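Here is how the chains run, residue by residue.
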Amino acid sequence: MAQDKIKALIGMNDILPSQTPVWRFLEAQVKATLDGFGYQEIRMPLVEQTSLFKRSVGEATDIVEKEMYTFERSERSLTLRPEGTASCVRACEEHQLIANNKRQRLWYMGPMFRYERPQKGRYRQFHQIGVETFGMASADIDAELIIMTHQLWQRLNIRDKVVLQLNTLGSSEARANFKAALVEFLVVRKDQLDEDSQRRLDTNPLRILDSKSPSTQALLNDAPEFMDYIDEESAQHFSELRALLDAVGVEYEINPRLVRGLDYYGKTVFEWVTNELGAQGTICAGGRYDGLVEQLGGKPTPAVGFAMGIERLILMLEAMDVIPAQVAKTLDVYLVSEGDVAVPAMKLATQLRDQLPKLRLQMHMGGGKFNKQMKKAVESGASFALVVNEEKLANGQVGVKPLLERGEQINLSLDNLTDWLAQNL
RNA sequence: GUGGCCGUAGCUCAGUCGGUAGAGCACAGGAUUGUGAUUCCUGUGGUCGCGGGUUCGAUCCCCGUCGGCCACCCCA
(Lines give C-alpha, C1' and ligand atoms only; values in the text may rest on other atoms or scores of the structure.)
Protein backbone atom coordinates (compact mmCIF):
# COMPACT_ATOMS: atom_id res chain seq x y z
CA MET A 1 0.00 0.00 0.00
CA ALA A 2 1.60 3.17 -1.13
CA GLN A 3 1.21 5.88 1.41
CA ASP A 4 -0.09 9.23 0.31
CA LYS A 5 2.79 11.51 -0.31
CA ILE A 6 2.96 14.41 2.06
CA LYS A 7 2.45 17.65 0.24
CA ALA A 8 2.93 21.25 1.19
CA LEU A 9 0.03 22.92 2.96
CA ILE A 10 -2.43 24.84 0.85
CA GLY A 11 -1.28 28.38 0.33
CA MET A 12 2.25 27.58 1.52
CA ASN A 13 4.68 27.64 -1.36
CA ASP A 14 8.14 26.26 -1.93
CA ILE A 15 10.38 28.84 -3.52
CA LEU A 16 12.37 26.73 -5.94
CA PRO A 17 15.91 27.22 -7.28
CA SER A 18 14.49 28.65 -10.49
CA GLN A 19 12.82 31.38 -8.44
CA THR A 20 15.32 32.20 -5.73
CA PRO A 21 17.55 34.35 -7.98
CA VAL A 22 14.61 36.69 -8.54
CA TRP A 23 13.97 36.87 -4.80
CA ARG A 24 17.61 37.64 -4.15
CA PHE A 25 17.60 40.31 -6.83
CA LEU A 26 14.56 42.00 -5.32
CA GLU A 27 15.93 41.73 -1.80
CA ALA A 28 19.23 43.22 -2.90
CA GLN A 29 17.50 46.22 -4.49
CA VAL A 30 15.39 46.76 -1.40
CA LYS A 31 18.36 46.53 0.92
CA ALA A 32 20.36 48.94 -1.20
CA THR A 33 17.52 51.44 -1.02
CA LEU A 34 17.08 51.06 2.73
CA ASP A 35 20.82 51.30 3.28
CA GLY A 36 20.83 54.48 1.26
CA PHE A 37 18.44 56.04 3.76
CA GLY A 38 20.27 54.70 6.78
CA TYR A 39 17.58 52.30 7.97
CA GLN A 40 18.60 49.49 10.30
CA GLU A 41 17.48 45.90 10.16
CA ILE A 42 15.66 44.23 13.03
CA ARG A 43 14.66 40.58 13.19
CA MET A 44 11.78 39.41 15.34
CA PRO A 45 10.42 35.95 16.17
CA LEU A 46 7.72 34.50 13.96
CA VAL A 47 5.63 33.55 16.97
CA GLU A 48 4.21 35.89 19.58
CA GLN A 49 1.59 35.82 22.28
CA THR A 50 -1.82 35.95 20.69
CA SER A 51 -2.85 38.95 22.75
CA LEU A 52 -0.21 41.10 21.08
CA PHE A 53 -2.06 40.95 17.78
CA LYS A 54 -5.48 41.22 19.35
CA ARG A 55 -4.46 44.43 21.03
CA SER A 56 -2.75 45.99 18.04
CA VAL A 57 -4.34 44.83 14.82
CA GLY A 58 -7.80 45.07 16.31
CA GLU A 59 -10.12 42.58 17.94
CA ALA A 60 -12.82 43.02 15.31
CA THR A 61 -10.65 42.80 12.19
CA ASP A 62 -10.82 39.78 9.90
CA ILE A 63 -7.15 39.12 10.54
CA VAL A 64 -7.72 38.57 14.23
CA GLU A 65 -11.18 37.12 13.99
CA LYS A 66 -10.59 34.38 11.48
CA GLU A 67 -7.19 34.47 9.83
CA MET A 68 -4.65 33.81 12.57
CA TYR A 69 -2.73 30.59 13.04
CA THR A 70 -3.17 30.22 16.77
CA PHE A 71 -2.25 27.31 19.00
CA GLU A 72 -1.79 26.51 22.66
CA ARG A 73 1.54 25.76 24.24
CA SER A 74 2.44 25.68 27.94
CA GLU A 75 -0.98 27.07 28.77
CA ARG A 76 -0.32 30.08 26.63
CA SER A 77 -2.03 31.11 23.44
CA LEU A 78 0.53 31.67 20.71
CA THR A 79 0.13 32.95 17.17
CA LEU A 80 2.17 32.90 13.98
CA ARG A 81 2.54 36.57 13.17
CA PRO A 82 -0.01 37.83 10.63
CA GLU A 83 1.92 41.09 10.21
CA GLY A 84 5.11 42.66 11.48
CA THR A 85 4.26 46.00 13.02
CA ALA A 86 2.97 44.63 16.31
CA SER A 87 6.06 42.46 16.82
CA CYS A 88 8.33 45.35 15.95
CA VAL A 89 6.69 47.65 18.46
CA ARG A 90 6.84 44.93 21.09
CA ALA A 91 10.54 44.38 20.44
CA CYS A 92 11.33 48.09 20.56
CA GLU A 93 9.45 48.51 23.81
CA GLU A 94 10.97 45.43 25.37
CA HIS A 95 14.53 46.54 24.61
CA GLN A 96 14.02 50.24 25.24
CA LEU A 97 14.79 51.12 21.64
CA ILE A 98 12.22 53.88 21.58
CA ALA A 99 12.23 55.02 25.19
CA ASN A 100 11.74 58.75 25.70
CA ASN A 101 10.88 59.21 22.06
CA LYS A 102 14.25 57.96 20.88
CA ARG A 103 14.16 57.95 17.12
CA GLN A 104 14.37 54.73 15.15
CA ARG A 105 14.24 53.90 11.47
CA LEU A 106 13.88 50.13 11.18
CA TRP A 107 13.11 47.45 8.65
CA TYR A 108 12.57 43.72 8.63
CA MET A 109 11.79 41.03 6.14
CA GLY A 110 10.20 37.65 6.48
CA PRO A 111 7.16 35.40 6.36
CA MET A 112 3.73 36.31 7.66
CA PHE A 113 0.82 33.93 8.10
CA ARG A 114 -2.86 34.46 7.40
CA TYR A 115 -5.45 31.75 7.01
CA GLU A 116 -7.15 32.96 3.84
CA ARG A 117 -8.19 31.39 0.57
CA PRO A 118 -5.19 31.70 -1.72
CA GLN A 119 -5.43 33.46 -5.03
CA LYS A 120 -3.17 35.43 -7.30
CA GLY A 121 -0.85 37.53 -5.14
CA ARG A 122 -2.25 36.16 -1.90
CA TYR A 123 -0.97 33.19 0.05
CA ARG A 124 -1.27 31.77 3.55
CA GLN A 125 2.44 32.10 4.11
CA PHE A 126 3.56 35.23 2.36
CA HIS A 127 6.52 37.52 2.72
CA GLN A 128 6.69 41.14 3.61
CA ILE A 129 9.33 43.77 3.84
CA GLY A 130 8.24 46.06 6.62
CA VAL A 131 9.58 49.48 7.52
CA GLU A 132 8.75 51.23 10.78
CA THR A 133 9.87 54.56 12.15
CA PHE A 134 9.41 55.85 15.69
CA GLY A 135 9.79 59.11 17.53
CA MET A 136 9.08 61.45 14.63
CA ALA A 137 5.74 63.21 14.55
CA SER A 138 6.27 65.60 11.65
CA ALA A 139 5.15 65.04 8.08
CA ASP A 140 8.70 65.00 6.75
CA ILE A 141 9.19 61.42 7.88
CA ASP A 142 5.93 60.41 6.20
CA ALA A 143 7.36 61.99 3.07
CA GLU A 144 10.69 60.23 3.46
CA LEU A 145 9.03 56.83 3.55
CA ILE A 146 7.07 57.54 0.42
CA ILE A 147 10.07 58.98 -1.37
CA MET A 148 12.05 55.90 -0.42
CA THR A 149 9.50 53.55 -1.94
CA HIS A 150 9.33 55.78 -4.97
CA GLN A 151 13.06 55.42 -5.42
CA LEU A 152 12.73 51.66 -5.09
CA TRP A 153 10.21 51.54 -7.94
CA GLN A 154 12.70 53.45 -10.03
CA ARG A 155 15.42 50.98 -9.21
CA LEU A 156 13.13 48.11 -10.10
CA ASN A 157 11.93 49.74 -13.31
CA ILE A 158 8.26 49.59 -12.41
CA ARG A 159 7.71 53.21 -11.52
CA ASP A 160 5.40 53.96 -14.44
CA LYS A 161 3.17 51.02 -13.55
CA VAL A 162 2.34 51.99 -9.98
CA VAL A 163 0.22 54.81 -8.63
CA LEU A 164 0.41 56.36 -5.19
CA GLN A 165 -2.90 56.80 -3.44
CA LEU A 166 -2.90 59.10 -0.48
CA ASN A 167 -5.38 59.96 2.23
CA THR A 168 -5.58 61.12 5.79
CA LEU A 169 -7.71 59.54 8.47
CA GLY A 170 -7.26 62.45 10.87
CA SER A 171 -7.18 62.18 14.61
CA SER A 172 -9.07 59.40 16.32
CA GLU A 173 -11.56 61.98 17.53
CA ALA A 174 -12.18 63.40 14.07
CA ARG A 175 -12.43 59.89 12.73
CA ALA A 176 -14.99 58.95 15.37
CA ASN A 177 -17.10 62.00 14.59
CA PHE A 178 -16.97 61.26 10.89
CA LYS A 179 -17.76 57.62 11.46
CA ALA A 180 -20.84 58.57 13.46
CA ALA A 181 -22.01 60.92 10.72
CA LEU A 182 -21.39 58.31 8.05
CA VAL A 183 -23.31 55.65 9.94
CA GLU A 184 -26.13 58.05 10.51
CA PHE A 185 -26.28 58.73 6.78
CA LEU A 186 -26.07 55.09 5.79
CA VAL A 187 -28.35 53.52 8.37
CA VAL A 188 -31.45 55.10 6.85
CA ARG A 189 -30.29 53.90 3.43
CA LYS A 190 -29.28 50.45 4.57
CA ASP A 191 -31.52 48.66 2.10
CA GLN A 192 -29.70 50.39 -0.77
CA LEU A 193 -26.33 49.04 0.32
CA ASP A 194 -24.80 45.85 -1.04
CA GLU A 195 -24.87 42.87 1.28
CA ASP A 196 -21.26 43.13 2.40
CA SER A 197 -21.58 46.80 3.18
CA GLN A 198 -24.70 46.21 5.24
CA ARG A 199 -22.64 43.91 7.40
CA ARG A 200 -19.78 46.42 7.57
CA LEU A 201 -22.20 49.02 8.89
CA ASP A 202 -21.88 47.21 12.21
CA THR A 203 -18.32 45.94 12.04
CA ASN A 204 -16.26 48.55 10.20
CA PRO A 205 -18.33 51.36 8.65
CA LEU A 206 -15.32 53.22 7.23
CA ARG A 207 -14.53 50.27 4.99
CA ILE A 208 -17.82 50.84 3.19
CA LEU A 209 -16.04 53.75 1.55
CA ASP A 210 -13.81 51.12 -0.06
CA SER A 211 -16.67 49.05 -1.42
CA LYS A 212 -16.34 47.69 -4.95
CA SER A 213 -20.08 47.79 -5.46
CA PRO A 214 -20.95 50.50 -8.03
CA SER A 215 -24.36 51.12 -6.49
CA THR A 216 -22.80 51.60 -3.07
CA GLN A 217 -20.19 53.93 -4.50
CA ALA A 218 -22.96 55.93 -6.18
CA LEU A 219 -24.78 56.17 -2.89
CA LEU A 220 -21.62 57.46 -1.24
CA ASN A 221 -21.49 60.45 -3.55
CA ASP A 222 -23.99 62.19 -1.30
CA ALA A 223 -22.47 60.90 1.95
CA PRO A 224 -20.64 63.08 4.47
CA GLU A 225 -17.07 63.83 3.53
CA PHE A 226 -14.19 63.41 5.91
CA MET A 227 -12.63 66.72 4.94
CA ASP A 228 -15.54 68.40 6.74
CA TYR A 229 -14.63 66.58 9.93
CA ILE A 230 -10.87 66.63 9.88
CA ASP A 231 -9.08 68.23 12.81
CA GLU A 232 -6.81 71.21 12.28
CA GLU A 233 -3.60 69.44 13.22
CA SER A 234 -4.17 66.52 10.84
CA ALA A 235 -5.13 68.87 8.02
CA GLN A 236 -1.91 70.78 8.57
CA HIS A 237 0.09 67.56 8.68
CA PHE A 238 -1.48 66.39 5.44
CA SER A 239 -0.80 69.58 3.56
CA GLU A 240 2.82 69.57 4.74
CA LEU A 241 3.19 66.06 3.43
CA ARG A 242 1.72 66.97 0.09
CA ALA A 243 3.95 70.01 -0.20
CA LEU A 244 7.02 67.85 0.36
CA LEU A 245 5.94 65.27 -2.20
CA ASP A 246 5.20 68.04 -4.67
CA ALA A 247 8.61 69.56 -4.06
CA VAL A 248 10.50 66.36 -4.91
CA GLY A 249 8.19 65.46 -7.75
CA VAL A 250 6.47 62.38 -6.38
CA GLU A 251 3.05 62.22 -7.95
CA TYR A 252 0.01 61.01 -6.04
CA GLU A 253 -3.73 60.78 -6.13
CA ILE A 254 -5.79 61.92 -3.20
CA ASN A 255 -8.25 59.13 -2.53
CA PRO A 256 -10.70 60.21 0.18
CA ARG A 257 -12.11 56.70 0.21
CA LEU A 258 -8.82 55.01 0.96
CA VAL A 259 -9.21 53.31 4.33
CA ARG A 260 -6.69 50.91 5.76
CA GLY A 261 -8.00 47.77 7.33
CA LEU A 262 -5.98 47.69 10.51
CA ASP A 263 -7.27 49.56 13.52
CA TYR A 264 -4.13 51.37 14.48
CA TYR A 265 -3.82 53.79 11.57
CA GLY A 266 -4.48 57.51 11.87
CA LYS A 267 -3.53 60.63 9.94
CA THR A 268 -1.50 59.65 6.88
CA VAL A 269 -2.40 56.48 4.98
CA PHE A 270 -1.08 55.49 1.57
CA GLU A 271 -1.06 52.64 -0.91
CA TRP A 272 0.97 51.98 -4.00
CA VAL A 273 -1.36 50.19 -6.39
CA THR A 274 -1.09 48.65 -9.83
CA ASN A 275 -3.59 47.23 -12.27
CA GLU A 276 -1.13 44.61 -13.49
CA LEU A 277 -1.90 42.01 -10.83
CA GLY A 278 -5.59 41.32 -11.08
CA ALA A 279 -7.57 41.73 -7.90
CA GLN A 280 -4.58 42.05 -5.59
CA GLY A 281 -3.30 45.37 -6.81
CA THR A 282 -1.72 46.75 -3.66
CA ILE A 283 2.03 46.12 -3.60
CA CYS A 284 2.90 48.46 -0.76
CA ALA A 285 0.80 50.08 1.90
CA GLY A 286 1.22 51.91 5.15
CA GLY A 287 0.48 54.87 7.26
CA ARG A 288 0.87 56.63 10.56
CA TYR A 289 0.03 54.92 13.82
CA ASP A 290 0.83 57.38 16.57
CA GLY A 291 -1.39 55.62 19.09
CA LEU A 292 -0.12 52.07 18.83
CA VAL A 293 2.90 52.19 21.13
CA GLU A 294 0.80 53.58 23.95
CA GLN A 295 -1.93 51.08 23.18
CA LEU A 296 0.62 48.32 23.74
CA GLY A 297 1.68 49.72 27.07
CA GLY A 298 4.39 52.19 26.15
CA LYS A 299 4.55 55.94 26.31
CA PRO A 300 2.85 57.92 23.55
CA THR A 301 5.24 57.65 20.62
CA PRO A 302 4.66 58.89 17.08
CA ALA A 303 5.23 56.25 14.43
CA VAL A 304 4.85 55.71 10.68
CA GLY A 305 5.54 52.66 8.58
CA PHE A 306 4.59 50.56 5.62
CA ALA A 307 4.81 47.01 4.32
CA MET A 308 5.49 45.59 0.90
CA GLY A 309 4.30 42.21 -0.34
CA ILE A 310 7.27 40.40 -1.81
CA GLU A 311 5.25 37.86 -3.79
CA ARG A 312 3.25 40.66 -5.36
CA LEU A 313 6.37 42.60 -6.23
CA ILE A 314 7.85 39.54 -7.87
CA LEU A 315 4.68 38.91 -9.86
CA MET A 316 4.96 42.53 -10.90
CA LEU A 317 8.60 42.23 -11.98
CA GLU A 318 7.75 39.16 -14.00
CA ALA A 319 4.70 40.72 -15.61
CA MET A 320 6.69 43.82 -16.51
CA ASP A 321 9.60 41.73 -17.75
CA VAL A 322 12.10 43.93 -15.94
CA ILE A 323 14.27 41.25 -14.37
CA PRO A 324 17.83 41.61 -15.73
CA ALA A 325 19.02 38.47 -17.49
CA GLN A 326 22.16 38.28 -15.42
CA VAL A 327 20.05 37.70 -12.32
CA ALA A 328 19.74 34.03 -13.24
CA LYS A 329 23.49 33.68 -13.71
CA THR A 330 25.03 31.76 -10.84
CA LEU A 331 28.40 30.70 -12.19
CA ASP A 332 31.50 32.32 -13.63
CA VAL A 333 33.61 29.27 -14.29
CA TYR A 334 32.94 25.57 -14.87
CA LEU A 335 35.99 23.38 -14.50
CA VAL A 336 36.26 20.32 -16.74
CA SER A 337 39.07 17.85 -16.98
CA GLU A 338 40.29 14.90 -18.99
CA GLY A 339 42.67 12.21 -17.99
CA ASP A 340 43.90 11.38 -14.53
CA VAL A 341 44.03 14.90 -13.14
CA ALA A 342 41.35 14.80 -10.45
CA VAL A 343 43.77 15.75 -7.70
CA PRO A 344 45.49 18.71 -9.37
CA ALA A 345 42.11 19.90 -10.67
CA MET A 346 40.70 19.95 -7.14
CA LYS A 347 43.78 21.76 -5.90
CA LEU A 348 43.47 24.33 -8.65
CA ALA A 349 39.82 24.98 -7.87
CA THR A 350 40.61 25.38 -4.19
CA GLN A 351 43.43 27.75 -4.92
CA LEU A 352 41.32 29.91 -7.22
CA ARG A 353 38.50 30.13 -4.69
CA ASP A 354 40.98 31.21 -2.03
CA GLN A 355 42.51 33.85 -4.22
CA LEU A 356 39.26 35.18 -5.72
CA PRO A 357 36.64 35.27 -2.99
CA LYS A 358 33.97 36.52 -5.37
CA LEU A 359 34.64 33.86 -7.97
CA ARG A 360 31.79 31.45 -8.57
CA LEU A 361 33.43 28.26 -9.70
CA GLN A 362 31.87 24.86 -10.08
CA MET A 363 33.82 21.68 -10.79
CA HIS A 364 32.50 18.88 -12.90
CA MET A 365 32.25 15.88 -10.62
CA GLY A 366 32.64 12.22 -11.37
CA GLY A 367 34.64 12.54 -14.56
CA GLY A 368 32.95 11.03 -17.59
CA LYS A 369 33.29 11.78 -21.23
CA PHE A 370 34.84 15.07 -22.04
CA ASN A 371 32.11 15.79 -24.53
CA LYS A 372 29.46 15.50 -21.81
CA GLN A 373 31.50 17.64 -19.50
CA MET A 374 31.55 20.43 -22.04
CA LYS A 375 27.80 20.15 -22.48
CA LYS A 376 27.39 20.48 -18.75
CA ALA A 377 29.68 23.49 -18.83
CA VAL A 378 27.44 25.20 -21.38
CA GLU A 379 24.26 24.31 -19.52
CA SER A 380 25.72 25.65 -16.29
CA GLY A 381 25.55 29.18 -17.63
CA ALA A 382 29.17 29.86 -16.69
CA SER A 383 31.10 32.43 -18.69
CA PHE A 384 34.14 30.25 -19.11
CA ALA A 385 35.10 26.62 -19.12
CA LEU A 386 38.40 25.88 -17.44
CA VAL A 387 40.06 22.93 -19.13
CA VAL A 388 42.56 20.83 -17.23
CA ASN A 389 44.46 17.88 -18.65
CA GLU A 390 47.81 16.19 -18.23
CA GLU A 391 49.44 17.78 -21.23
CA LYS A 392 48.55 21.32 -20.21
CA LEU A 393 49.50 20.75 -16.61
CA ALA A 394 52.87 19.42 -17.71
CA ASN A 395 53.42 22.79 -19.36
CA GLY A 396 52.10 24.68 -16.35
CA GLN A 397 49.01 25.74 -18.25
CA VAL A 398 45.22 25.50 -18.25
CA GLY A 399 42.77 26.11 -21.07
CA VAL A 400 40.16 28.84 -20.83
CA LYS A 401 37.28 28.72 -23.25
CA PRO A 402 34.56 31.35 -23.48
CA LEU A 403 31.11 29.78 -23.43
CA LEU A 404 28.68 32.65 -23.79
CA GLU A 405 29.73 33.36 -27.35
CA ARG A 406 31.60 30.91 -29.48
CA GLY A 407 35.21 31.90 -29.01
CA GLU A 408 38.57 30.26 -29.32
CA GLN A 409 40.10 28.61 -26.35
CA ILE A 410 43.25 30.16 -25.01
CA ASN A 411 45.94 28.66 -22.85
CA LEU A 412 47.04 30.53 -19.79
CA SER A 413 49.89 29.80 -17.46
CA LEU A 414 48.84 28.87 -13.94
CA ASP A 415 50.67 31.95 -12.70
CA ASN A 416 48.58 34.30 -14.82
CA LEU A 417 45.24 32.57 -14.41
CA THR A 418 44.14 34.35 -11.25
CA ASP A 419 44.87 37.80 -12.61
CA TRP A 420 43.24 36.98 -15.92
CA LEU A 421 40.04 35.80 -14.23
CA ALA A 422 39.99 38.82 -11.95
CA GLN A 423 40.06 41.06 -15.00
CA ASN A 424 37.71 39.17 -17.27
CA LEU A 425 34.81 38.27 -14.99
C1' G B 1 -16.42 31.21 4.71
C1' U B 2 -18.81 31.72 -0.71
C1' G B 3 -18.67 31.07 -6.17
C1' G B 4 -16.67 29.70 -11.23
C1' C B 5 -13.18 26.79 -14.16
C1' C B 6 -9.76 22.73 -14.00
C1' G B 7 -6.99 17.86 -12.34
C1' U B 8 -3.60 11.69 -17.76
C1' A B 9 4.53 10.92 -17.00
C1' G B 10 9.08 16.57 -14.23
C1' C B 11 6.66 20.07 -18.33
C1' U B 12 3.02 20.78 -22.66
C1' C B 13 -0.75 17.75 -24.16
C1' A B 14 -3.15 13.37 -27.00
C1' G B 15 -6.32 9.09 -26.19
C1' U B 16 -9.86 5.12 -25.02
C1' C B 17 -18.13 6.23 -28.27
C1' G B 18 -16.15 1.94 -20.74
C1' G B 19 -11.86 -3.54 -21.84
C1' U B 20 -6.22 -0.82 -16.67
C1' A B 21 -2.42 4.27 -21.60
C1' G B 22 0.84 7.38 -25.76
C1' A B 23 3.78 11.70 -28.15
C1' G B 24 7.09 15.83 -27.88
C1' C B 25 10.29 18.22 -24.59
C1' A B 26 13.14 17.25 -20.14
C1' C B 27 16.23 13.73 -17.43
C1' A B 28 19.94 9.30 -17.36
C1' G B 29 23.15 6.16 -20.36
C1' G B 30 25.34 5.03 -25.08
C1' A B 31 27.08 5.77 -30.60
C1' U B 32 29.37 9.52 -33.69
C1' U B 33 32.18 14.37 -34.04
C1' G B 34 36.89 12.23 -29.57
C1' U B 35 36.89 20.72 -26.46
C1' G B 36 30.08 22.38 -26.24
C1' A B 37 24.47 24.23 -28.82
C1' U B 38 23.74 18.64 -34.91
C1' U B 39 22.19 13.50 -35.69
C1' C B 40 21.00 8.44 -34.03
C1' C B 41 19.91 4.44 -30.26
C1' U B 42 18.34 2.94 -25.44
C1' G B 43 16.47 3.73 -20.70
C1' U B 44 14.02 5.92 -16.10
C1' G B 45 9.32 7.74 -15.26
C1' G B 46 2.06 7.29 -14.77
C1' U B 47 -2.11 1.53 -10.50
C1' C B 48 -4.81 8.28 -15.75
C1' G B 49 -5.45 13.39 -7.97
C1' C B 50 -7.88 10.19 -4.04
C1' G B 51 -12.28 7.36 -2.22
C1' G B 52 -16.93 5.27 -3.21
C1' G B 53 -21.02 3.88 -6.74
C1' U B 54 -22.97 1.73 -11.54
C1' U B 55 -20.80 -2.40 -14.55
C1' C B 56 -18.41 -8.85 -16.01
C1' G B 57 -14.85 -4.71 -16.35
C1' A B 58 -13.80 2.61 -15.39
C1' U B 59 -8.71 6.63 -16.57
C1' C B 60 -13.25 7.48 -19.63
C1' C B 61 -20.35 7.53 -16.62
C1' C B 62 -22.39 9.19 -11.41
C1' C B 63 -21.39 10.99 -6.32
C1' G B 64 -18.07 12.63 -2.71
C1' U B 65 -13.39 14.40 -1.38
C1' C B 66 -8.62 16.59 -1.94
C1' G B 67 -5.61 19.76 -4.78
C1' G B 68 -4.72 23.85 -8.48
C1' C B 69 -6.13 28.55 -10.75
C1' C B 70 -9.25 32.87 -10.60
C1' A B 71 -12.89 35.96 -8.24
C1' C B 72 -15.88 37.62 -3.71
C1' C B 73 -14.78 38.74 1.46
C1' C B 74 -10.26 40.65 3.47
C1' C B 75 -5.50 42.26 2.78
C1' A B 76 0.75 43.03 1.38
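Please read all numbers here as calculations on a predicted model, not as lab measurements.

Reading the values: the criteria
Think of each chain on its own: its residues are numbered from 1, step by step along the sequence as written. Labels follow written order: the first chain is A, the first ligand is 1, and so on. In keeping with the predicted nature of the model, local features appear solely for residues at pLDDT of at least 70, side-chain atom pairs appear and are counted solely at 80 or more, and the whole-chain, interface and lining totals rest on all residues. Computation of side-chain values: all heavy atoms of the structure, hydrogens and water removed. Throughout, the term near means that a residue has one or more heavy atoms lying within 4 Å of the molecule or strand in question. Residues adjacent in sequence count toward polar contacts only when both atoms are side-chain atoms; beyond that, a polar contact is any pair of N or O atoms within 3.5 Å, and within protein one must be able to donate a hydrogen and the other to accept it. We count a stretch as a helix when DSSP gives it H or I for four or more residues in a row; a strand needs E for two or more, and each element gets its number in order from the N terminus. When residue character is reported, Ala, Val, Leu, Ile, Met, Phe, Trp, Tyr, Cys and Pro are called nonpolar, Asp, Glu, Lys and Arg charged, and the others, Gly included, polar. Marked domain ranges trace back to an automatic or database domain assignment. Only strands that DSSP links by at least two bridges are regarded as paired with each other. Only the contacting stretch of a helix is used when fitting its axis, a line to C-alpha atoms as for every element, and angles between N-to-C directions run 0 to 180 degrees. Stacked, tilted and edge-to-face are the three classes assigned to paired rings of Phe, Tyr and Trp, where Trp is represented by its six-membered ring and a pair needs centres within 6.5 Å; plane angles under 30 degrees give stacked, over 60 edge-to-face, the rest tilted. Only protein chains enter the accessibility calculation, which uses a 1.4 Å probe; a residue is then buried when its area is under 20% of its type maximum, exposed when over 50%, and partly exposed in between. A positively charged side chain is recorded as over a ring if its NZ (Lys) or CZ (Arg) lies within 6 Å of the ring centre. The angle to the ring normal must also be within 35 degrees. To estimate how far a helix should extend, the number of its residues minus one is multiplied by 1.5 Å. This arc describes the spread of directions from the helix axis toward the C-beta atoms. Any pair of residues with heavy atoms lying within 4.5 Å of one another is described as a contacting pair. Note that His is not counted, nor are the chain ends; the positive residues are Lys and Arg, and the negative ones are Asp and Glu. Basic side-chain nitrogens of Lys or Arg form a salt bridge, by our definition, when they fall within 4 Å of a carboxyl oxygen of Asp or Glu.

Novice: Can you explain the protein's contact with RNA strand B? Please cite residues and give values.
Specialist: Neighbouring RNA strand B are 45 residues, the closest being Arg114, Arg122, Arg200, Arg260 and Asn371. The sugar-phosphate portion of RNA strand B accounts for 53% of its atoms within 4 Å of the protein, the bases making up the rest. Between a sugar or linking oxygen of RNA strand B and a side-chain N or O atom of Asp62, the distance comes to 3.4 Å. Lys401 places a side-chain nitrogen or oxygen 2.8 Å from a sugar or linking oxygen of RNA strand B. When contributions to the surface near RNA strand B are tallied by element, the ones reaching two or more residues are β6 (125-134), α7 (195-203), β10 (282-288), β11 (303-309), α13 (370-379) and β15 (397-402). If you tally residues by element for the surface near RNA strand B, the top one is α13, at 6 residues. Taken together, the residues that form the surface near RNA strand B break down as 14 nonpolar, 11 polar and 20 charged.

Novice: Before we move on, can you summarise the domain arrangement of chain A with the specific residues and values?
Specialist: The assigned domain composition of chain A is domain 1 (20-171 + 231-320) and domain 2 (329-424). A separation of 47 Å is found between the C-alpha centroids of domain 1 and domain 2.

Novice: I'd like a description of the sheet that holds strand β13 (residues 361-363), backed by residues and values.
Specialist: Here we have 5 strands laid out as an open sheet, ordered β13-β12-β14-β15-β16, and mixed in their pairing. A strand with exactly one partner marks an edge of an open sheet, and here the two such strands are β13 and β16 (410-413). Across the sheet, the axes of successive neighbouring strands diverge by a mean angle of 30°, strand direction being ignored. In the sheet, strand β12 (residues 333-338) pairs with strand β14 (residues 384-389) via 6 bridges, with the strands oriented parallel.

Novice: Break down the packing of aromatic side chains for me, citing the residues and quoting the values.
Specialist: In this description, a pair of aromatic rings is defined by centroid distance and the angle of the planes. Evaluated as defined, the whole model comprises 10 aromatic pairs. An angle of 55° between the planes, with centres 5.0 Å apart, marks the rings of Tyr264 and Tyr265 as tilted. Assessed through its relative accessible area of 7%, Tyr265 is described here as buried. Geometry around Tyr115 places Arg124 over its ring, the cationic atom sitting 3.8 Å from the centre. The cationic tip of Arg189 hangs over the ring face of Phe185; the distance from NZ or CZ to the ring centre is 3.9 Å.

Novice: Give me the lowdown on helix α9 (residues 232-248), citing residues and values where you can.
Specialist: For α9, spanning 17 residues, the distance from its first C-alpha to its last is 25 Å, which sits close to the expected 24 Å at 1.5 Å a residue. Looking only at α9, the buried set comprises Ser234, His237, Phe238, Leu241 and Leu245. One side of α9 carries all its buried residues, which in axial view fall inside an arc of 95°. Every exposed residue of α9 that faces more than 90 degrees away from the buried side is listed here: Glu232 and Ala247. Turning to α9, the residues buried within the fold contact α5 (139-156), β7 (163-168), β8 (253-254), β9 (266-273) and β10.

Novice: So what's going on with the side chain of Glu83? Residues and values would help.
Specialist: Tracing the chain through its elements places Glu83 in the loop between β4 (76-80) and α4 (85-94). This buried residue, Glu83, is left without a salt bridge; Arg114 holds the nearest opposite charge, at 5.7 Å. Here the side chain of Glu83 touches Ala86 through a polar contact of 2.9 Å, landing on its backbone nitrogen. Engagement of the side chain of Glu83 in a polar contact is seen with the side chain of Tyr264, the distance being 2.5 Å. Residues contacting Glu83, with those up to four places away along its chain left out, are Phe53, Val57, Met112, Arg114, Gln128, Leu262 and Tyr264.

Novice: Describe the pairing of β4, naming the residues involved and giving the relevant values.
Specialist: Examined bridge by bridge, strand β2 (residues 47-49) and β4 share 3 bridges and lie antiparallel to one another. Paired with Gln49 across the bridge in β4 is Leu78. Strand direction decides the pairing type here: strand β3 (residues 69-73) and β4, joined by 5 bridges, are antiparallel. Each residue of the ladder has a partner; that of Tyr69, found in β4, is Leu80. Counting the residues between successive antiparallel strands, the hairpin from β3 to β4 contains 2 residues, one of them, Ser74, with a positive phi of roughly 50°.

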